[in-house]
Amino acid sequence: RRHELSITWQLPPQTERYQHGAVNYVSALAGHEGRGSFLELLKARGWATAVTSGVGCDGYSRNSIVWMFNVAVTLTSKGLAKWPEVVTVVYAYLEMLKREGPQRWFHSEMCATNRMNFRFQEQVDPCDLVQDLVVRMLPHQGLVKEDLMKDGFPMDDSAFNPDYVNEILALLRPDLAIVTLQSSSYSAAASSASEMGDSGDGEESGGGESSSGSGEKEEQAQPGRRKNSGSEKDEDEEEEEGGGEDDVDEAVDPFFDPGTAWTTEPWFGTLFATQSFPDGAVEAWLASPTAQGLRMPDKNRFIATEFALKTKDTGLAPPPEVARHLVKHEGFPEIPSPAPPVPVQALKGPVTVWHLQVPQGDPLASPRCAILLKVVSHALYGSRPEDKAMMNLWTSVVRDSLETIAYLAEEAKLGVSIEGTSFGFELCFGGFDHKLQLLIQEVLEHLTKTFRSAAAVEEHINSSKARFDAMVERRIRGLKNAEMKPASHATQIRRGMLCSAFPRAGQLLPATEGVTVEGFAAFSANMLGSVHTIEMLTEGNVSVTETPQLANMVTTALVNTADGKYPRSVVQRLPKGVTLVVEPCADPNERNCAVEMYFQVGPYSVEEDLYLRVLEDLMYVPLFDSLRTKQQLGYSVSCEVRETQQILGFTVSIQSASHSAVHCVKCAEEFIRETFPQKLEELSDQELTSKIVAMASRKLARPDSLQDMASWHWSEIRDRKYRFNRRIEDAASLAKVEKSVVKSYFQRWLLDDRRLVVVVSVGGKAQETVDDTVVGMGEVYPAGRIWKSGDHLGDPFSAQD
C-alpha cells in the first residue's frame, strides 16, 4: 500500500510566460534525484523512495484561472511516522533555491536537452500525436502555432528570466500550501466510519483518489487504494516480487487523530478527513529551515554535444538469406530481399560481442546507440532460493546506489538499467552515443569499487544503513504480497513447479527476512568474483572498431575466471494426463478465483513455435467471445504461448469473481473439446488466409525505434538462439501454413497427447472454498493427479531434448 505526501500551491496562470520556462526550471529542481537533492537526504534517512513535481496538464491543474504546482513524495513506513519532518526538508530545499538564486547554467542545460530530443525525436504513434496536438491547441494552453510540436518545452537559452523564477519560488510558502496524506494506515479508521454509516458503499470506500481541500493549517488524509499488479512479464524474464505498493505491516501516522470525522467525497465516494497540523509545525516551516547536504545539482557531464553519424562499417559478413517457401495464401506480403542487416559476431572470448551498425540513410539512423550486457556468474549455478533472494536484493541495492548517476544520465536522454537473471544480471545502456561510453565507464567503475569486495559493500551499506533497511523492508513487503492476486499467484505456482530457476515468494522470504549486512556483502563479493562469461550487443551509431575497447573495459571490470561453461536450467517434464493444483491466494478478502490451464508441448523448435503462435491467433478471439462475452465468466479470459527456459507450452487463463473455478474449467474444457474444433473445421480458406497474411504483415513491420530493434535482437542473445532474422524467417514460413497441420497439432497438444497442469488460485471470498474446489476438480478430471508443493512432478527434460 502506498504512503504518499503531497504539497500543493496555487500559482497565477503562467500561460503567457511558457517560453521562458520558469515553471519547468522550478519543477526540474524540486523533482531532482541527484546529489544535493532533498530526495537523496530523505532516502539516506530511510523516509522516502520517490518524488515527482510540477504542474499537471489536465484542466484542474492548469487553466486560465490558476496553475497548481505539486510536490509528491512517496514515503516509507518510517517516513509516514516522520511526515512533518519530511515537509521541513522540502521547505529547507526550497529555501536553499531561494538563497542560491536562479542559475542560468541549469536553464541552459534544460534547453540543450530539449533541443536535442526535439531534433532527433523518434517515430511516435500517429494517433497519440494527433491527440497530443489537439490538447496543445486548446486556448488555455496558450501555445503559439510554431511551438505546438515542441509541446511548450523551453529551448531558447536567451529566454531565461530570473525574475519569473523568483516570483514562483516566493509563492511556494507553508502558509499558502495544502498538505495531503494518502495511506493505508488510515483504512481502519475509515472502515469504522463506513460501518457507522458514513460511507455509501462499504466495498468501495476503502480507497480512491484524493480530493484535496484547502486551508492554511490543515492536513488531509485518505485511505489508500491497493494497486492491481496483474501484469505479467515474459516467461524467461525475472519477476520483481512486488514493489512495496502493498504493505502488510501497519505503518502509523502518530499525528493522526483516529477520532477525526470522516467525510465522503460526493463524486467518487472516497473517504477523507481534515484536521489541524501538529503544534508548531507551520511555525517551523515558516522559520526558513535548513538541512545539511542540500545544494544545487552537479552540472550534467552526460549531455551530448556531437551528433555525427559514424562511418559505415566494412568487411563484415552480409546478412544470411531467408529461405523462401511456396506461397499458399493470396495477398501474402513480399519477403524483403536481401534481408535487413542483423548483428554479427565481432569478437569472441570471455566477452563475446555481437555488433550491428545502423547505416546512414536507414530510417532508424540517428546519433543513438544501445549497448547491452548479459553477465553470467558461477555463484548462481545452484538455483538455490537463498541465492535468488540475495540476487533480487542485490539488484535493488545496486540500482539504488546508481541513482545519482542514472538520474543525470536520464536528464541527458541516456539510460541505464540493471535486472537480475537466473544466472547473473543484465546491464542495459542506451541513448545518444557521444557520452554513452562515459556512462558505461562510470557504472562499471562504481560496480567494481563498491560491490566487488565484501569490505567495500559493508562500508557502502553502513554509510546509509537506514536506506538499506528500507530496501529490505520493501522487498519483504513485496514477497509477502506476491501471491495476493489470484492470476499472478496461479502463474507463480505453475512456474515454480516447472523450473527451479523460478522459486516462489514463500521460498525467498526466509532468506530476505534473515539478511545481514555481512551475509549480503559476502554474496556480492562471491557473485561478482565468479563472473566468467559476458555477452554484449552493440547496436546503432557505433562502429565495429569501437568494440575491442568496449570489450576490454567490460573484461577488466567484471570478468574474473576463465571457465566459460554455460549453465543450463532444468525444466520438469509433465506426466501425460492431467495434474491438478489448488491453493488459496494470500488475500482472505479476495473475491476472484483464477484458473491457468498449461499444456506442455516440449523443447523449442522453429516449426512448433510457429504453429503454436498460429493456434494462439486463431483461438484468442473465439475464446474471449465464448467465455467472456457470451458466458460472462469473468473480466479476464485469454490464451497465450509460453516459453519457459526453451520449453514450449500453451495456456488458457480465466479469472472470475462471479463463477467458481470448477465452473470455469468445465466451460474451458467444453470450448477446447467441442467449440474450437468445430470453429477450426468451419474455418474457410479465405479466413485462414486473412489471419496468416495479417500475422505475416505484423512480423514484417519495421521497428519504430532503435530501442525496439535492439530489444528484438537482444532477446535472441538472452535466450541463446541467435535467430536474429526470426521475424522475417517466421513470416516466410507462414506462407506454407495449412489448416490440416494446425488441426493436427491442436489435436495432439491439447487433446490426444495432452500433458496438462490445471492451476487454481482461490480467493478468500470466492464463489467456492478450496476444499469444494478440490472435490469439484476431481469430478471434472476423475483420473487427475493432485499435486502439492514438494511432490515429485516428473523427470526433467534431458540435454539432448
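Residues numbered from 1 in each chain as written. Predicted model: local features only at pLDDT ≥ 70, side-chain atom pairs only at ≥ 80, totals over all residues. Heavy atoms only, no water.

J.: In this structure, what is going on with the sheet that holds strand β8 (residues 344–347)? I would like to understand it.
T.: One key point about sheets: their strands pair by backbone hydrogen bonds, in either a parallel or an antiparallel sense. One open sheet accounts for six strands, arranged β8-β9-β13-β10-β12-β11; its pairing is mixed. Two strands bound the open sheet, and with one partner strand each, they are β8 and β11 (414–421). The sheet shows a mean angle of 20° between the axes of neighbouring strands, direction not considered. In this structure, β8 lies alongside strand β9 (residues 351–357), joined through three bridges in antiparallel fashion. Considered in β9, the bridge of Leu-347 is made with Val-353. Contacting β10 (368–377), β11 and β12 (424–432), helix α12 (residues 436–451) runs over the sheet at an angle of about 155° to β12. (Pairing = 2+ DSSP bridges. Helix = DSSP H or I, 4+ residues; strand = E, 2+ residues; numbered from the N terminus. Axes fitted to C-alpha atoms, helices over the stretch in contact; angles between N-to-C directions. Contact = heavy atoms within 4.5 Å.)

J.: Help me understand the sheet that holds strand β14 (residues 577–584) in this model?
T.: Within the open sheet, the six strands sit side by side as β16-β17-β15-β18-β14-β19. Their pairing is mixed. The sheet is open, and its two borders are formed by β16 (636–644) and β19 (785–786), each paired with just one other strand. When β14 meets β19, the two strands line up parallel, connected through two bridges. Looking across to β19, one finds that Thr-579 is bridged to Arg-785.

J.: Explanation requested: a nonpolar patch on the surface in the structure shown.
T.: On the surface, a cluster of nonpolar side chains totalling about 260 Å² of accessible area is made up of Tyr-620, Val-621 and Phe-624. Relative to the helices and strands, Phe-624 is located in helix α19 (residues 606–630). Taking the relative accessible area as the measure of exposure, Phe-624 reaches 31% and is therefore partly exposed. (Patch = residues over 30% accessible without salt bridge, like charges linked within 9 Å, V, L, I, M, F, W, Y side chains within 5 Å. Areas by Shrake-Rupley, 256 points an atom, 1.4 Å probe, with all protein chains shown as cover. Salt bridge = Lys/Arg side-chain N within 4 Å of Asp/Glu carboxyl O. Buried < 20%, exposed > 50% of the residue type's maximum accessible area, 1.4 Å probe, protein only.)

J.: Would you take a moment to explain the pairing of strand β15 (residues 593–603) for this structure?
T.: Side chains on a regular strand alternate between the two faces of the sheet. For β15, the tally of buried residues reaches 10 of 11 residues, placing the bulk of the element in the interior. Taken together, the 10 bridges between β15 and strand β17 (residues 647–656) define a ladder with antiparallel strand orientation. Bridged to Glu-596 within β17 is Ser-653.

J.: I keep staring at the packing of helix α13 (residues 454–462) against helix α17 (residues 517–529) and nothing clicks. Help me out?
T.: When two helices pack together, their arrangement is given by the angle between the helix axes and by the axis-to-axis distance. α17 packs onto α13 with a crossing angle of 135° between their chain directions and a minimal axis gap of 8 Å. On the basis of the axis angle, α13 is oblique to α17. Crossing handedness for the pair α13 and α17: right-handed. Contacts between α13 and α17 involve Ala-454, Val-457, Glu-458, Ile-461 and Asn-462 from the first element and Val-517, Glu-518, Phe-520, Ala-521, Ala-522, Ser-524 and Ala-525 from the second. (Parallel < 35°, antiparallel > 145°, perpendicular 65-115°, else oblique. Left-handed = near helix turned anticlockwise from the far one by under 90°.)

J.: Looking at this structure, I do not really get unusual backbone geometry. What am I missing?
T.: Among all residues except glycine, the phi angle is most often negative; among peptide bonds, the trans geometry is most common. Unlike most non-glycine residues, Lys-413 shows phi in positive territory, near 65°. Considering the arrangement of structural elements, one finds Lys-413 in the loop between α11 (403–411) and β11. Owing to a relative accessible area of 29%, Lys-413 belongs among the partly exposed residues under this scheme.

J.: Honestly, the pairing of β12 in this entry has me stumped. Any pointers?
T.: Across the nine residues of β12, nine count as buried, placing the element largely inside the fold. The pairing of β10 with β12 spans nine bridges and is classified as antiparallel. Looking across to β12, one finds that Leu-373 is bridged to Leu-427.

J.: I would appreciate a short explanation of the side chain of Gln-275 in the present structure.
T.: Note that Gln-275 resides in strand β7 (residues 271–276). Accessibility expressed as a relative area gives 13% for Gln-275, which makes it buried. A polar contact is formed between the side chain of Gln-275 and the backbone oxygen of Phe-255, at a distance of 2.8 Å. Within the local environment of Gln-275, its side chain forms a polar contact with the side chain of Thr-260, the two groups lying 3.0 Å apart. (Polar contact = N/O pair within 3.5 Å; in protein donor to acceptor, adjacent residues only side chain to side chain.)

J.: It is not clear to me how the pattern of salt bridges should be interpreted in this structure. Could you clarify?
T.: Any two side chains of opposite charge can pair, on the condition that their charged atoms come close. Tallying each qualifying case throughout the model produces 40 salt bridges. A salt bridge links Asp-400 to Lys-43; the nearest nitrogen and oxygen atoms lie 3.9 Å apart. Placement of the pair is Asp-400 in helix α10 (residues 385–401) and Lys-43 in helix α2 (residues 38–44), with a sequence separation of 357 residues. Judged by relative accessible area, which is 13%, Asp-400 ranks as buried. Residue classification places Lys-43 among the buried residues on the basis of a relative accessible area of 6%. A salt bridge links Arg-726 to Glu-716; the nearest nitrogen and oxygen atoms lie 2.5 Å apart. Remark: Glu-716 occurs in helix α22 (residues 706–718) and Arg-726 occurs in helix α23 (residues 726–734); sequence separation between them is 10 residues. Under the relative-accessibility criterion, Arg-726 is labelled buried at 15%. Sharing partners across several salt bridges, the network here consists of Lys-43, Asp-400, Glu-403 and Arg-467.

J.: Explain the packing of α19 against helix α20 (residues 661–682) to me, please; I cannot follow it from the model alone.
T.: Between α19 and α20, whose axes approach to 11 Å, the crossing angle comes to 120°. When the interaxial angle is binned, α19 and α20 end up oblique. Along this stretch, α19 crosses α20, giving a crossing that reads as right-handed. Facing Leu-615, Leu-618, Met-619, Pro-622, Leu-623, Ser-626 and Leu-627 of α19, the residues of α20 in contact are Cys-667, Ala-668, Phe-671, Phe-676, Lys-679 and Leu-680. Classifying every residue of the contact of α19 with α20 by side-chain character gives 11 nonpolar, one polar and one charged. (Nonpolar A, V, L, I, M, F, W, Y, C, P; charged D, E, K, R; others polar.)

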